[in-house]
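Structural characterization, general
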Amino acid sequence: MVAQFFFGDLLTTGSGKLRTGIESNDQEENQQSAHEEAFRIGDEITHKGPILHICIHLSTAFISRPRRYIESMILTPEILAGLRRDTLVVFFTGAGISAESGLSTFRDVDGYWARYDPTQLASPDGFRRDPELVLSWYAHRRESALNAQPNAGHKSISDFQKLFQHAVVITQNVDGLHARAGNREIIELHGNLHRFKCFRCGQPLSAPCGEAAVSCQCGGPGRPDVVWFGENLDPGQLQAALDATHHCGLFFSIGTSSQVYPAAQLPLEAKRAGARVIEINPHLTPMSAMADLTIQAAAGETLPTLYREIHEALAV
Ligand SMILES: [Zn+2]
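Analysis parameters
- Every residue gets a number counted from 1 within its own chain, in the order that chain's sequence is written.
- The predicted nature of this model means local features are confined to residues of pLDDT at least 70 and side-chain atom pairs, given and counted, to a pLDDT of 80 or more, with totals for whole chains, interfaces and linings taken over all residues.
- Put simply, DSSP H or I for four residues or longer makes a helix, DSSP E for two residues or longer makes a strand, and each gets a number counted from the N terminus.
- Counting other C-beta atoms within 10 Å of a residue's own tells you its class, since 20 or more makes it buried, 12 or fewer makes it exposed, and anything in between is partly exposed; those C-beta atoms are placed from the backbone.
- Here the rule is simple: two strands pair whenever DSSP picks up at least two bridges between them.
- Residues are defined as contacting one another if the C-beta atoms placed from their backbone atoms lie within 7 Å.
- A fitted line through C-alpha atoms represents every axis, and for helices the fit uses only the stretch in contact; the resulting angles, taken between N-to-C directions, go from 0 to 180 degrees.
- Take the number of residues in a helix, subtract one, and multiply by 1.5 Å to get its expected span.
- Directions from the helix axis toward the C-beta atoms define the arc.
- When buried Ala, Val, Leu, Ile, Met, Phe, Trp, Tyr and Cys residues are joined through C-beta atoms within 7 Å, the set is termed a nonpolar core.
- Take the far helix as the reference: if the near one is turned anticlockwise from it by less than a right angle, the crossing is left-handed, and if turned clockwise, right-handed.
- Lys, Arg, Asp and Glu make up the charged group, whereas Ala, Val, Leu, Ile, Met, Phe, Trp, Tyr, Cys and Pro make up the nonpolar group; the residues left over, Gly among them, are polar.

Bringing unusual backbone geometry into the picture now. Located in the positive-phi region is Glu185, a residue other than glycine, with phi close to 45°. Checked against the element boundaries, Glu185 lands in the loop between α9 (177–180) and β5 (186–188). Judged by the 15 C-beta atoms lying within 10 Å of it, Glu185 falls in the partly exposed class.

See below:
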């Protein structure tokens, strides 16, 4: 009961900080340190023998295990119950899965670009002020994305998509790694770095050799087809994401801080609609306490194990 107090209090504090806009997590580190502090407190209270980190939060079992334990069975009968090959499965991914491929997140950009405020590089106002700067930034990001390789987490999703008749990827990432891993049915909530559109009329544009120095027939300049600060998500993509979320039986929340709205509402929506929610993230998030299972580890080492266990469970 003491553990419940510590976790509930700190996680509520963390989840109270809602944000708008995209790709910006500058509050995340503060929240993560609060959660890590919570985890330490919970750890001291609940650490007994081989059973680690078991805390009860709002009557939801929240079980988190260190990395060395993820090679054995981690799925409980409760999570596997009712799972069939025709169960709709959703993989909701954020920057964490790309970080495992070596792509830095917006908040820890390296070297030269670190001197710029993210809104200078990724907003309509920033583009109006200095389009060359914004296009160079996106050329840099495209190059980084193309040099990165999909990891075992991305590839595992392809395996799941063969196992289940209907499995949808909803991603906040714009790097195209899911498609390169062979994933299908991908909803890109924040767009895609490798696509371009007209800044004025929105018409899709091609960009030779990956550069956006093209202009539209209307005379507007080309820009990357991503969602910038101050812009809304594509309503069609958001609706498709909500539809999948509301009808799925199993929802994976992978490498996402669950703090960037409206995307962050998806795990909550899935839970409310009755899906089992599994969170995979090296750090605790505002979602951790309400997930049916939280695994504090990388997707690349967790998803292949989960795939094997679910594959076996469905074969019985
Ligand atoms: Zn145009």
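Next comes the rest of the account.
Once that is clear, we can look at the pairing of strand β6 (residues 191–198). Here β6 runs beside strand β8 (residues 222–226); their pairing, made up of 5 bridges, is antiparallel. In the sheet register, Cys198 faces β8, and the bridge partner there is Gly222. Bridge count between β6 and strand β7 (residues 204–205): 2 bridges; the pairing is antiparallel. When the bridges of β7 are listed, Phe196 appears paired with Leu205. What sits between β6 and β7 in their antiparallel hairpin is a turn of 5 residues, with Gly202 showing a positive phi close to 85°.

Moving on to the sheet that holds β7. The 3 strands are arranged β7-β6-β8 in an open sheet whose pairing can be described as antiparallel. Among the strands making up the open sheet, the edge pair consists of β7 and β8. With respect to the sheet, helix α7 (residues 131–147) is in contact with β6 and β8, its orientation differing from that of β6 by roughly 140°.

This part is about helix α10 (residues 235–247). At 3.6 residues per turn, the α-helix brings residues three or four places apart onto the same side. Taking 1.5 Å of rise per residue, 13 residues should cover 18 Å, and α10 covers 18 Å from first to last C-alpha, within 8% of that figure. Along α10, the residues classified as buried are Ala241, Ala244 and Thr245. Buried residues along α10 cover an arc of 100° about the axis, so they all sit on one side. Facing away from the buried side of α10, by more than 90 degrees, are the exposed residues Pro235, Gly236 and Gln239. Contact partners of the buried residues in α10: β3 (89–93), β4 (167–171), β5, β9 (250–254) and α11 (265–272).

Right, let's get into the environment of Gly220. Within the secondary structure, Gly220 sits in the loop between β7 and β8. Assessed through the 16 C-beta atoms surrounding it within 10 Å, Gly220 is described here as partly exposed. The spacing of Gly220 and Gly202 is 18 residues in sequence and 9.1 Å in space, taken between C-alpha atoms. Discounting residues that sit within four places of it in the chain, Gly220 has contacts with Cys198, Phe199, Arg200, Cys201 and Ser215.

Here the focus is the sheet that holds strand β10 (residues 276–280). The sheet built from 6 strands is open, its strands ordered β5-β4-β3-β9-β10-β11 with parallel pairing. Looking at strand neighbours, the two that pair on one side only are β5 and β11 (293–295), the edges of this open sheet. Within this sheet the neighbouring strands show an average axis-to-axis angle of 15°, counted without direction. Across 5 bridges, the pairing between β3 and β9 is parallel. Within β9, the position partnered with Phe92 by the bridge is Ser253. With respect to the sheet, helix α8 (residues 152–163) is in contact with β3, β4 and β9, its orientation differing from that of β4 by roughly 150°. Of the strands in this sheet, β3, β4, β5 and β9 are in contact with α10, which crosses β5 at around 130°.

The end-to-end C-alpha distance of α7, which contains 17 residues, comes to 24 Å, matching closely the 24 Å that a straight helix rising 1.5 Å per residue would cover. On its buried face, α7 is in contact with α5 (118–121), α6 (124–129), β6 and β8.

With that out of the way, let us pick up the nonpolar core. Grouped together as the largest cluster of nonpolar side chains are 44 residues, with contacts concentrated most on Val90, Phe91, Phe92, Ile170, Cys248, Phe251 and Phe252. When near neighbours in sequence (up to four residues on either side) are disregarded, Phe252 contacts Val90, Phe91, Phe92, Ile278 and Ile280. Listed in part, the 18 residues of the second largest apolar core include Ala122, Ala145, Leu193 and Cys198.

What follows concerns the packing of α10 against α11. Packing of α10 against α11 leaves a shortest axis separation of 7 Å and a crossing angle of 35°. Note that α10 runs across α11; the crossing there is right-handed. Contact with α10, carried on its side by Ala241, Leu242, Thr245 and His246, involves Leu266, Glu269 and Ala270 of α11 and no other residues of that element. The class makeup of the residues in the contact of α10 with α11 is 4 nonpolar, 2 polar and 1 charged.

The quantities given are spatial measurements derived from coordinates; they are silent on function.
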